Amino acid sequence: MMAPDITEPRIVVLASGNGTNLQTLIDATASQDFPGKIVAVGCNRPQAFALERASQAGIETFTVDHTEHDSRESFDTALRAEIDRYAPDLLVLAGFMRILTTEFVRRYHGIMINIHPSLLPRYTGLGTHQRALDAGDKVHGVSIHFVTEDLDGGPVIAQAEVMISPEESAASLAEKVRVKEHLLYPIVVRWYCEGRLKMEADRVHFDGAPLPKPLYLAEEE
Ligand code: GAR
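(A) Region of interest: the overall build of the chain. On a plain count of helices and strands, the chain comes out with six helices and eleven strands. What you see for the chain is a C-alpha radius of gyration of 17 Å, in line with the 17 Å of a compact globule of 221 residues. Projected onto its principal axes, the C-alpha positions of the chain cover 55 × 40 × 35 Å. The buried share of the chain, reckoned over its 221 residues, is 48%. Contacts in the chain between residues far apart in sequence, at least 24 positions, make up 62% of those at least 6 positions apart.

Right, dumping it as structure tokens:
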């Protein structure tokens, strides 16, 4: 029997809903040459389909139902206890729709990344696709960033853009953005697991040097 690779980074993914980003990460990490392993998936909603996706892939799951906690602190404390059982090297937020306490964010400083459906710093928070349409933007996209205490404001690692067409709806735009999300998140998680990506002094470092601007995937013509 082969000895387990103890250096393989341990990934915990948190999700709240459908979990399509989780699925792309499950698929990517299933490949033999992926340098990391999803050891658990956590959800704040017991009915989230993300849990089903994880179970189907044989990945351990846990649920901390936010409706059973009367404060953010209590919820975050319970969530931390679950996460820490898995001693993650990387905590991946994949559509995890909870605002986290400062204490929680500090606990996972430098090892927690998030995907956000806009070209940050534009459109932090919710309703990003409609807000891009309302502003008459021609370009929209997705960002992956380290999580800091600043909501959707941590240093951006990578972005991918999509063009907004004249007949665009929020739903069609969300779909276009999701295609880029699925492309970009496994790439960034791989970089992290390969040790190429770090946050130092609240700046992204890539291959040992500070990143002057986010890595950028432009829309093909
Ligand atoms: C994704 O579009 C992700 O960018 C967004 O939630 C969706 C989850 O989809 N995240 C946020 O809005 C975080 N602020 P999924 O469950 O199918 O992966």
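Having seen the structure, we can now continue with the description.
(B) Structural view of the packing of aromatic side chains. This model, assessed by the stated rule, comprises four aromatic pairs. Summarising the aromatic geometry, the rings of Trp-191 and Phe-206 are spaced 4.9 Å apart at their centres and angled 70° between planes, so their arrangement reads as edge-to-face. Remark: Phe-206 occurs in strand S9 (residues 203-206) and Trp-191 occurs in helix H6 (residues 170-193); sequence separation between them is 15 residues. Summarising the burial analysis for this pair, Trp-191 and Phe-206 share the class buried.

(C) The arrangement of unusual backbone geometry in detail. The peptide bond linking Leu-120 to Pro-121 adopts the cis configuration, its omega dihedral lying at 15°. With respect to the helices and strands, the residue Pro-121 is situated in the loop between strand S5 (112-116) and helix H5 (128-134). Notably, Ala-201 is not glycine yet its phi reads approximately 50°, a positive angle. Looking at the secondary structure, you find Ala-201 in the loop between strand S8 (197-200) and S9. Phi at Asp-202 is positive, roughly 55°, even though this residue is not glycine. The topology assignment puts Asp-202 in the loop between S8 and S9.

(D) The sheet that holds strand S10 (residues 209-210), seen in detail. Pairing within the open sheet is antiparallel, and its three strands lie in the order S8-S9-S10. Because the sheet does not close on itself, it has two edges, and the strands there are S8 and S10. Taken together, the two bridges between S9 and S10 define a ladder with antiparallel strand orientation. Within S10, the residue paired with Phe-206 across the bridge is Ala-209.

(E) How the structure looks around the environment of His-109. One can find His-109 in the loop between helix H4 (102-107) and S5. Judged by its relative accessible area of 45%, His-109 is partly exposed. Taking the C-alpha atoms as reference points, His-109 and Tyr-216, 107 residues apart in sequence, are found 24 Å from one another. Ignoring sequence-local partners within four residues, the contact set of His-109 consists of Met-199 and Asp-202.

(F) Here's a closer look at helix H3 (residues 72-84). The end-to-end C-alpha separation of H3 is 18 Å, in line with the 18 Å expected for 13 residues at 1.5 Å each. Within H3 the residues assigned to the buried category are Phe-75, Asp-76, Leu-79, Arg-80 and Ile-83. Each buried residue of H3 lies within a common arc of 135° when the element is viewed along its axis, so the set occupies one face. Residues of H3 that are buried in the fold lie against strand S1 (10-15), strand S3 (60-63), strand S4 (90-93) and H4.

(G) Quick look at the sheet that holds strand S6 (residues 139-146). With mixed pairing, the eight strands of this open sheet are ordered in space as S3-S2-S1-S4-S5-S6-S7-S11. The open sheet has two free edges, formed respectively by S3 and strand S11 (215-217), since each of these has just one partner strand. With direction set aside, neighbouring strand axes in the sheet form an average angle of 20°. Here three bridges tie S4 to S5, and the two strands are oriented parallel to one another. Along S5, the bridge assignment pairs Val-92 with Ile-113. Helix H1 (residues 20-29) rests against S1, strand S2 (37-43), S4 and S5 of the sheet, and its axis sits at about 160° to S2. Sitting on the sheet, H6 touches S1, S4, S5, S6, strand S7 (156-163) and S11, and the angle it makes with S7 is about 155°.

Criteria and cut-off values
Residues numbered from 1 in each chain as written. Predicted model: local features only at pLDDT ≥ 70, side-chain atom pairs only at ≥ 80, totals over all residues. Heavy atoms only, no water. Helix = DSSP H or I, 4+ residues; strand = E, 2+ residues; numbered from the N terminus. Rg over C-alpha atoms; globule rule 2.2 N^0.38 Å. Buried < 20%, exposed > 50% of the residue type's maximum accessible area, 1.4 Å probe, protein only. Contact = heavy atoms within 4.5 Å. Phe/Tyr/Trp six-rings, centres within 6.5 Å; stacked < 30°, edge-to-face > 60°. Pairing = 2+ DSSP bridges. Expected span 1.5 Å × (residues − 1). Arc of directions from axis to C-beta. Axes fitted to C-alpha atoms, helices over the stretch in contact; angles between N-to-C directions.

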